[in-house]
Amino acid sequence: MNPLLALVDAIERFDRFDGVASSVSKAVGWAVQPQFVRNLLSGTPIGHPLHPIMTDLPIGAWSMSTVLDTIGGKASEPAADLLVAVGIATAIPTAASGLNDWSDTTGKARRVGTVHAVANSTALCLFTSSAVARATGSRSVGKALGLAGFGILMFGGFLGGHLSYSNAVNINKTAGRIGPKEWTPVLAESELADGEHRKVSAGKVTVLVYRTGSSILALDSVCSHMGGPLEEGKIDGGCVICPWHGSTFRLEDGGIVRGPASNRQPSYEARVNDGQIEVRRRRAAS
Ligand code: FES
C-alpha cells in the first residue's frame, strides 16, 4: 500500500484519544451554538462549506513565501515576510471554520480531522516562529522554520483532501438524489393527518411529506449536511430540524434557516389527487 495511505489507515484506526476528542468536540459545539456563528462558520449564507474556501488563503500565502524564500533572492525578502504574515492572519479564521466542521464528525473522520488540525496548528506555530525570527534579523532560521512549516502544511492539506474525498465530510448528501419528474403517488391522503409528517418513497428517492391544513409540503428525507434522517426530526415553525446536528430547513422550499448545512434541501411539489398524495420534482423557474 502507498505509505501515505497506510499512515491514514493507521490514523483512522487509532482510537486511544477518542474520549478527549469527544470532549473537545462538545466544547466546540457549545461555542458555535449561536445561530449567527454557526451559519457563518458553516458557509450557510454562501451556499457552500466555508472551510475549503478559507484554506486557500494561508496555503496560498505560505506556498508563495516558501517559493520566494527558496528562489526569490534578496529583493523578494520583504514580499516573503509579508506573505508569512498574511498566512498567519488568515490561518486563524480558517481554523475556526475547520473546528466547526470537525465538531460534527465521528469515528474515522474525527480521528483524521484531529491529526489534520494538529498538523495545521504545528504549521501555524512554525510560521509564527519564522515571522519572529525574520523580524529579529535571523533570516536563515526564519527560512528554515518556514520550510518545515510548509512541509507539515502539505501533510495537513493531504489529510484535508482525504476528509472530503474519502470520508465524505461536508459533501452534499443529496447530490444525485433526483426525484420523479412526473406526478407520482406516494401515500393515501387519509394516512396523513394535519400536522403529521412521514417518510415515503418517490421513484428512486425518499421524501418527507408534511401536512398543514390543506397544504402538503415535501422535502428530500436525507439531510444534505451529513445524511441525517429528517423524518426523525422535529417540526417547528414551518421548518424541520435535523436530529443529528440541528440543521433547520424551511418545509416550504428547503431553504436553510440554521446550519451546519450549507446546501439547500431539495424540495418537491406536492398535491392531493384522487385521494392520493402525489409529488414531483420542482420545475425550474422560467
Ligand atoms: S446530518 Fe448534520 S444537520 Fe443533518
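Residues numbered from 1 in each chain as written. Predicted model: local features only at pLDDT ≥ 70, side-chain atom pairs only at ≥ 80, totals over all residues.

Draft legend 1. Region of the structure containing the pairing of strand β4 (residues 215–220). The buried fraction of β4 is high, at five of six residues. By the bridge criterion, six bridges tie strand β3 (residues 205–212) to β4 in an arrangement that is antiparallel. Bridge assignment links Tyr-210 to a residue of β4, and that residue is Leu-217. Connecting the antiparallel pair β3 and β4 is a turn made up of two residues, with Gly-213 showing a positive phi of about 60 degrees. Across two bridges, the pairing between β4 and strand β9 (residues 267–273) is antiparallel. Counted as the bridge partner of Ala-218 is Tyr-268 from β9. (Buried ≥ 20, exposed ≤ 12 C-beta atoms within 10 Å, placed from the backbone. Helix = DSSP H or I, 4+ residues; strand = E, 2+ residues; numbered from the N terminus. Pairing = 2+ DSSP bridges.)

Draft legend 2. Structural view of helix α5 (residues 56–72). Buried within α5 are the following residues: Pro-58, Ile-59, Ala-61, Trp-62, Ser-65, Thr-66, Leu-68 and Asp-69. Buried positions along α5 lie against α6 (77–102), α7 (107–135) and α8 (139–165). Downstream of α5 by one or two residues, Gly-73 has phi in the positive range, about 75 degrees. (Contact = placed C-beta atoms within 7 Å.)

Draft legend 3. Seen up close, the sheet that holds strand β5 (residues 234–236). In space, the four strands of this open sheet follow the order β5-β6-β7-β8, with antiparallel pairing throughout. Pairing within the sheet leaves two strands with one partner each, and these edge strands are β5 and β8 (256–258). Here the average twist between neighbouring strands, direction ignored, is 30 degrees. Pairing of β5 with strand β6 (residues 239–241) involves three bridges; the strand directions are antiparallel. In the sheet register, Ile-235 faces β6, and the bridge partner there is Val-240. (Axes fitted to C-alpha atoms, helices over the stretch in contact; angles between N-to-C directions.)

Function-wise, these values are silent; they only describe arrangement.
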